[in-house]
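Fold and contact review
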2 protein chains.
Amino acid sequence: MARPPAPLVAEVIAIGSEMLFAGRVDTNSSFIAAHLDRFGVPLVAKTIVGDDVATIRKALAIALTRSDFIFLTGGLGPTEDDLTREAASEALGLELVYHPKIVDEIEARFQRLGRKMPEINRRQGYVLETARALENNYGTAPGQYLVFEGRHIFLLPGPPRELRPIVERHLISLLQDLGLRPGARRYFRVAGLPESQADSLISPIYRRYPTIRCTILASPGDIEIYFLADHDGNELQELTAKVAAALGDNVFATEEINLEDAVGRMLAARRATLSVAESCTGGMLGETITRTPGSSAYFLGGVLAYSNALKEQLLDVSPEILAQHGAVSGAAAEAMAQGIRRRTGSDFALSITGIAGPDGGTEEKPVGTVFIGLSDATKTTAHRYQLGGERSLVRLLSVRTALNLLRKELQRNRS
Amino acid sequence: MARPPAPLVAEVIAIGSEMLFAGRVDTNSSFIAAHLDRFGVPLVAKTIVGDDVATIRKALAIALTRSDFIFLTGGLGPTEDDLTREAASEALGLELVYHPKIVDEIEARFQRLGRKMPEINRRQGYVLETARALENNYGTAPGQYLVFEGRHIFLLPGPPRELRPIVERHLISLLQDLGLRPGARRYFRVAGLPESQADSLISPIYRRYPTIRCTILASPGDIEIYFLADHDGNELQELTAKVAAALGDNVFATEEINLEDAVGRMLAARRATLSVAESCTGGMLGETITRTPGSSAYFLGGVLAYSNALKEQLLDVSPEILAQHGAVSGAAAEAMAQGIRRRTGSDFALSITGIAGPDGGTEEKPVGTVFIGLSDATKTTAHRYQLGGERSLVRLLSVRTALNLLRKELQRNRS
């Protein structure tokens, strides 16, 4: 009796000593995993190795014994620490071939930036003899792709902004060429709920559909929920409807879009403008809003009023409010939002004032106490939040909460 | 002739399917690596595997062939997904022995929380026959330590708050018992140079000292360089002096400190204050400065003048400058810095105006053109930069460059 072919599996070998030390985190693997996931190919292992030929070689040799798709990320730079090319050459017994055309392109890239290409960048012109070079529009190192003993091997540059476009351009078409089909997928993007609460709302629902896979990816203030089924049938539609009802207006998108982009689209659609007044976030709200290209269409700017004097001077917060209620108060948040809206003439204004910590907390207003104000032509309101975690998390959650407050207002009030 | 013993190396096997998906990041490895690094034991590989006995077993078998210290993290919980004990037992050919005393302690732990221990927690009472149980004061799963064929193997609980105290209590004393001594270390923190340029300045130097290990960690606008030697001798001192001379005033610290913290310390030391005026960075400069706890001692705030109107209104940039030179110009950057300094009364002011892209570039001012202004009581200057990469990188490099400009000014002018 013929058995169905064994399912295809993938693995990532992330190269770079910096990821073995503190702080540097590999985000490429999850990006690759998300793409593979849609086609039902699981990532079964991820190995992080330092910049050492023998270790990289060994990791690749092991991967060849068990995985159909192998992604080597990083180590394609120009310096002597960048050893992925050499390690792959040794592990696979393939020569590295010098491509003058690739080096010409790297030289042209430097020229456009008004700089001379250092000699060491010539190393990036070497490609494994049976591999195809994959153009990198955001950096000097081209990617490489080859088939070796039935295994599909990618060599990809480490910086995410360089790796991602290459994966998007080449991996999906390869998977399709191999006859793999993406399953049916539903997506929810959720703000304003902690992960545990979101999961307890929806897990009683999705557990009743054992053939549909659920993946929840959570980062502070932002949850992505995927449902993946073999086909787009009644079950998936039923599940989706129930989940949507359970999550209610915490869902801000059913496509892959950031909260700041979603808010930006809504503002642009109604030709409305926004300004901000920030205290404890020190500019993070403005920074987040302006990540979106074209945000100048709706974002006018704002004021960072870190000191009380600036709250008075640049935002017209009255000294009485500061004296009576303190800079971290609902009254101050309202006055800040109103002040920046009047000064800039924007349609909407958001304000944030709070105690990000580690110092400055009191019994009445402990670290994590944050007031967020929202002002438009008809009303100004402020809400108090108690946000958990240390300084950077309090700041991040403040920004997410402020954007979500505006998002809900814009959705409620589709004028 | 006797050869010196091969240097000891370590590896981590992190167990848990959740780390193969997006969002869940393993921070245990870098914690362990930082401790090992001081004793000259490099972490040479880190493998992340799912909750699967065969894969864990295989990873451990590979680790036994190459590493002296092996850390298995995670998979020690009570559920059926927690398979590290069984996988280690199979890979090492060692029995698991039930320790009623450990289970008694787990039961007592539950009792203290007013709960009854579920039966499944009995699984956590199994310890490899030659291993020592390592008490876990923050959770139910004890760690395990054993020596197997000369390899030091740790089984550690996955939650960082449980793992860290166990590592701190047992690893350092083990390394010392093995006769290892923390090595000598030198550190440089560098801003204002791309990695390739920094490396070509110093690689001719450090290559002449083959017994000293050099590690370069680069992120945009920020480079860390470590030199590690067995002992603090003439060679390390010579190397350090030469590297310091080659890097010149691009070195901003010889201890582990961020550029924003270094600038903050310098400002605080001279009781000087700072304000910012941001256009294309939209708040990222202020956000970066205020990451530092206590930054309110020197940071007053600033203005996000994303629109031209706000540049005039809130920063007193004259309409003539905007009309003649444009909002992205040296004249505008100078006026912005001067404007915010006067408005806030700060001692120093930084301004950023530029074209972050992807749109808005012209032949004369392509995407990546950024002007940074610096103003104090005696002078106001602006510099033009051509920064590479896409929107987020242009913004990040603008912020790094602005902070570095102020840092150099403060260092030059230690009044």
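Each remark here, short or long, concerns the structure printed above.
This one's a predicted model, so the numbers in the text were calculated from it and none came from an experiment.

Now for the interface of chain A and chain B. Many analyses report the size of an interface as the accessible area lost when the parts associate. Every contact between the two is made by 65 residues of chain A and, on the other side, 66 residues of chain B. Summing both partners gives a buried area of about 5,300 Å² for chain A against chain B, and 59% of it is carried by carbon and sulfur. Linking chain A to chain B there are 3 salt bridges. Arg207 of chain B serves as the salt-bridge partner of Glu80 of chain A, at 2.7 Å between the closest nitrogen and oxygen. At the surface where chain A touches chain B, the tally comes to 23 residue pairs in polar contact (both at pLDDT 80 or more). Bridge count between strand E14 (residues 299–305) of chain A and strand E14 (residues 299–305) of chain B: 5 bridges; the pairing is antiparallel.

The subject of this paragraph is helix H4 (residues 100–112) of chain B. Residues and elements named next belong to chain B. Taking 1.5 Å as the rise per residue, H4 with 13 residues should run 18 Å; its terminal C-alpha atoms sit 18 Å apart, in good agreement. Ile102, Val103, Ile106 and Phe110 are the residues of H4 that are buried. Buried positions in H4, seen along its axis, are confined to an arc of 100° and lie on one side of it. Among the exposed residues of H4, those pointing more than 90 degrees away from its buried face are Lys101, Gln111 and Arg112. The inward-facing, buried residues of H4 abut strand E4 (96–98), strand E5 (126–128) and strand E6 (132–134). Downstream of H4 by one or two residues, Gly114 has phi in the positive range, about 75°.

Before going further, it helps to examine the pattern of salt bridges. Using the criterion set out here, one finds 46 salt bridges over all chains in the structure. Across the salt bridge formed by Arg122 of chain B and Glu119 of chain B, the nearest N and O atoms sit 2.8 Å from each other. Since its relative accessible area comes to 29%, Arg122 of chain B is described here as partly exposed. Connected through shared salt-bridge partners, Glu260, Glu287, Arg291 and Arg400 of chain A together with Arg395 of chain B make up one network.

The subject of this paragraph is the sheet that holds strand E2 (residues 43–49) of chain A. Within a sheet, adjacent strands bond to each other through the backbone by hydrogen bonds, running parallel or antiparallel. One open sheet accounts for 12 strands, arranged E6(A)-E7(A)-E8(A)-E3(A)-E1(A)-E2(A)-E2(B)-E1(B)-E3(B)-E8(B)-E7(B)-E6(B); its pairing is mixed. Each edge of the sheet is formed by a strand with only one pairing partner; in this case those strands are strand E6 (132–134) of chain A together with E6 of chain B. Here the strands of the sheet are splayed against their neighbours by 15° on average, with no regard to which way each runs. Bridging between E6 of chain A and strand E7 (residues 143–148) of chain A involves 3 bridges; their strand directions are antiparallel. Each bridged residue has a counterpart across the sheet, and for Leu134 of chain A the counterpart in E7 of chain A is Gly143 of chain A. The strands touched by helix H5 (residues 160–177) of chain A are strand E3 (69–73), E6, E7 and strand E8 (151–156) of chain A; relative to E8 of chain A, the strand with the most contacts, the crossing angle is about 165°.

With 73 residues, the main nonpolar core has Leu267, Leu285 and Leu406 of chain A together with Leu267, Leu285 and Leu406 of chain B as its most contacted residues. The element that contributes the greatest number of residues to this core is helix H13 (residues 391–412) of chain B, accounting for 9 residues. Core analysis: the next-biggest nonpolar cluster, separate from the first, contains 52 residues, Leu36, Val41, Phe69 and Leu171 of chain A among them.

Our next topic: the pairing of strand E11 (residues 222–229) of chain A. Residue and element names in this part refer to chain A. Most of E11 sits out of view: 8 of its 8 residues are buried. Neither face of E11 is left uncovered, since the one carrying Asp222, Glu224, Tyr226 and Leu228 and the one carrying Ile223, Ile225, Phe227 and Ala229 both have all their residues buried. Two elements, strand E9 (residues 184–190) and E11, share 7 bridges in a ladder whose sense is antiparallel. Across the sheet, Phe188 pairs through a bridge with Ile225, a residue of E11. Pairing between strand E10 (residues 213–219) and E11: 7 bridges, direction antiparallel. Within the sheet, the bridge partner assigned to Leu217 lies in E11 and is Glu224.

This paragraph deals with the side chain of Glu409 of chain A. Residue and element names in this part refer to chain A. Position of Glu409 relative to the elements: it lies in helix H13 (residues 391–412). A polar atom in the side chain of Glu409 sits 3.1 Å from the side chain of Lys379. The contact partners of Glu409, leaving out residues within four places of it in the chain, are Phe348, Leu374, Asp376 and Lys379.

The next thing to look at is the packing of aromatic side chains. A full pass over the atoms with the stated rule returns 14 aromatic pairs over all chains. Measuring from ring centre to ring centre gives 5.2 Å for Tyr187 of chain A and Tyr226 of chain A, while their planes differ by 65°; the resulting arrangement is edge-to-face. Here Tyr226 of chain A lies in strand E11 and Tyr187 of chain A lies in strand E9, a separation of 39 residues in the sequence. Summarising the burial analysis for this pair, Tyr187 of chain A and Tyr226 of chain A share the class buried. Relative to Phe227 of chain B, the ring of Tyr206 of chain B has its centre 6.3 Å away and its plane inclined at 55°; by these criteria the two rings are tilted. One end of the pair, Tyr206 of chain B, is in helix H6 (residues 195–206); the other, Phe227 of chain B, is in strand E11 (residues 222–229), and 21 residues separate them in sequence. Overall, Tyr206 of chain B belongs to the buried group, its relative accessible area being 18%.

Rules behind the numbers
Residues numbered from 1 in each chain as written. Chains lettered and ligands numbered in written order. Predicted model: local features only at pLDDT ≥ 70, side-chain atom pairs only at ≥ 80, totals over all residues. Heavy atoms only, no water. Contact = heavy atoms within 4.5 Å. Buried area = accessible area lost by both parts, 1.4 Å probe. Salt bridge = Lys/Arg side-chain N within 4 Å of Asp/Glu carboxyl O. Polar contact = N/O pair within 3.5 Å; in protein donor to acceptor, adjacent residues only side chain to side chain. Pairing = 2+ DSSP bridges. Helix = DSSP H or I, 4+ residues; strand = E, 2+ residues; numbered from the N terminus. Expected span 1.5 Å × (residues − 1). Buried < 20%, exposed > 50% of the residue type's maximum accessible area, 1.4 Å probe, protein only. Arc of directions from axis to C-beta. Axes fitted to C-alpha atoms, helices over the stretch in contact; angles between N-to-C directions. Core = buried A, V, L, I, M, F, W, Y, C linked by side-chain atoms within 4.5 Å. Phe/Tyr/Trp six-rings, centres within 6.5 Å; stacked < 30°, edge-to-face > 60°.

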